[in-house]
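# Geometric and topological summary
One letter stands for each residue in the lines below.
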Amino acid sequence: MRFLLAPEQRAFAASLDALLTSAGTPSVVRDWSRGDPTGGRALWSRIAEAGVFALAVPQEYDGLGPRPVELAVAFVELGRHAVPGPLVETVAAAALLTEPALAKRFLPPLAAGATMATVTPAASPYALDGDAATTHLSLTTEGLRLSPGPAAPARPSLDPARRLTPLLPGGELLSPAPPTEQALTWARLATAAQALGVGSALLDRTVAHVRRRTQFGVAIGSFQAVKHRLADARIALDFARPLLFGAALTMSPADVAAAKVTACEAAYATARTALQLHGAIGYTAEYDLSLWLTKARGLLGAWGSPDECRDTVLSARA
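Reference entry: report on the structure contained in this document.

Thresholds applied
- Residues numbered from 1 in each chain as written.
- Predicted model: local features only at pLDDT ≥ 70, side-chain atom pairs only at ≥ 80, totals over all residues.
- Heavy atoms only, no water.
- Helix = DSSP H or I, 4+ residues; strand = E, 2+ residues; numbered from the N terminus.
- Rg over C-alpha atoms; globule rule 2.2 N^0.38 Å.
- Buried < 20%, exposed > 50% of the residue type's maximum accessible area, 1.4 Å probe, protein only.
- Contact = heavy atoms within 4.5 Å.
- 1 Å grid on protein atoms, 1.4 Å probe; cavity = no way out; pocket = protein on both sides within 12 Å on 5 of 7 lines; lining within 4 Å.
- Points joined across faces, edges and corners; volume = space filled by probe spheres on them.
- Pairing = 2+ DSSP bridges.
- Core = buried A, V, L, I, M, F, W, Y, C linked by side-chain atoms within 4.5 Å.
- Expected span 1.5 Å × (residues − 1).
- Bend = angle between axes of the 7 residues up to and from the residue.

### A short note on the overall build of the chain
- Tallying secondary structure elements over the chain gives 11 helices and 8 strands in all.
- Over its C-alpha trace the chain gives a radius of gyration of 19 Å, about what one expects of a compact globule, namely 20 Å for 318 residues.
- Along the longest, intermediate and shortest principal axes, the C-alpha atoms of the chain span 65 × 45 × 35 Å.
- For the chain, the residues scored as buried account for 53% of the 318 residues in total.
- Considering only contacts within the chain whose residues lie at least 6 apart along the sequence, 71% involve residues at least 24 apart.

Now the structure itself:
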């Protein structure tokens, strides 16, 4: 099935691309990785002004949504530019805080970018970027809690821009029965879109590289083996794209899980191809390619491993 974006959606994607290109995200990502969120918070505010977080917030709470298709469009661009921060977690927080009293209290500042939320899933001891976030939510056996804050300094992960922070136990019990499945579905949709953008950026950069790099007097992009690897990456990403936007239309947990596993595995496979075709320079942290390589690996297991997502799909069809 072929999904075509409406002119307004394409214009939205183009405006985000222009905004993020002008922001110089590689330097923002590196500062964020070192624990300096100043540039990341400024970029966060600009993204919020563009309406990205408002797409996950209902209109009665100063949002524009919920509009999952437009959110997917936005997160593809965020992934394409490797934007750091708890982007997916803020979307998950918006889906968790749906009770009227909680929504009125938390959602308007989330939509406006005045607050940055992170969420500790029930199966994980860590929150993403808890040191930079201003709203710390924890899913516990008692329900959804508002954590007092980080319990320790952030710990490094495979992706230096994904900083893992344990949160303090306890805190205000916001809801004994939060809509966990709904939040998981939104988080997986945003993760899938982000991964698709990461994979697209890796492919574009690799194609440009093989056109420049020469061996035996010719560009390595002319070699048949190189063409085959790039074609496989393109096919995988192109296959993931309609699954993503189809899932955004239905918002079925099974459809979203299928899109998530497909997009994340396509991005990871593209990352492996990009690393091989760049050669030794691809292994260096100083080279910008590394910002997308590590993100592709981090997103693969975020908000559900491939096996967990496949279980969701199979359970829906049993």
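### Re the layout of surface pockets
- Looking at the largest pocket, its volume works out to about 670 Å³.
- In terms of lining, the largest pocket is formed by 28 residues, of which the most central are Pro121, Ser124, Gly301, Ala302 and Trp303.
- Counting residues per element, the ones that place at least two in the lining of the largest pocket are helix 5 (87-96), strand 2 (127-128), helix 7 (180-212) and helix 10 (289-301).
- The dominant element in the lining of the largest pocket, judged by the number of residues it contributes, is helix 7, at 4 residues.

### What about the pairing of strand 4 (residues 143-146)?
- The sheet contact formed by strand 3 (residues 135-140) and strand 4 spans 4 bridges and is antiparallel. Note on strand 4: the bridge partner recorded for Leu139 is Leu144.
- Hairpin connection, strand 3 to strand 4: the antiparallel pair is bridged by 2 residues.
- Across 3 bridges, strand 4 lies against strand 6 (residues 172-175) in antiparallel orientation. Along strand 6, the bridge assignment pairs Leu144 with Ser175.

### Focus: the nonpolar core
- Judged by nonpolar contacts, the single largest core of 98 residues is most densely connected at Val52, Phe75, Leu97, Leu202 and Leu244.
- Take this core: its biggest share by element is 14 residues, from helix 7.
- Once residues lying within four places of it in the same chain are set aside, the contact partners of Val52 are Phe12, Leu16, Ile47, Leu71, Ala74, Phe75 and Leu78.

### A short note on helix 6 (residues 100-112)
- Over its 13 residues, helix 6 extends 18 Å from the first C-alpha to the last, a length consistent with the 18 Å expected when each residue adds 1.5 Å.
- Its maximal kink placed at Phe106, helix 6 deviates by approximately 40°, while the proline Pro108 follows within four residues.
- Where helix 6 is concerned, the buried positions are Leu102, Ala103, Phe106, Leu107, Pro108, Leu110 and Ala111.
- Those residues of helix 6 hidden inside the fold are in contact with helix 3 (38-49), helix 5, strand 1 (117-120), strand 3, strand 4 and strand 6.
- Gly113 occupies a position one or two residues after helix 6 and carries a positive phi of about 80°.

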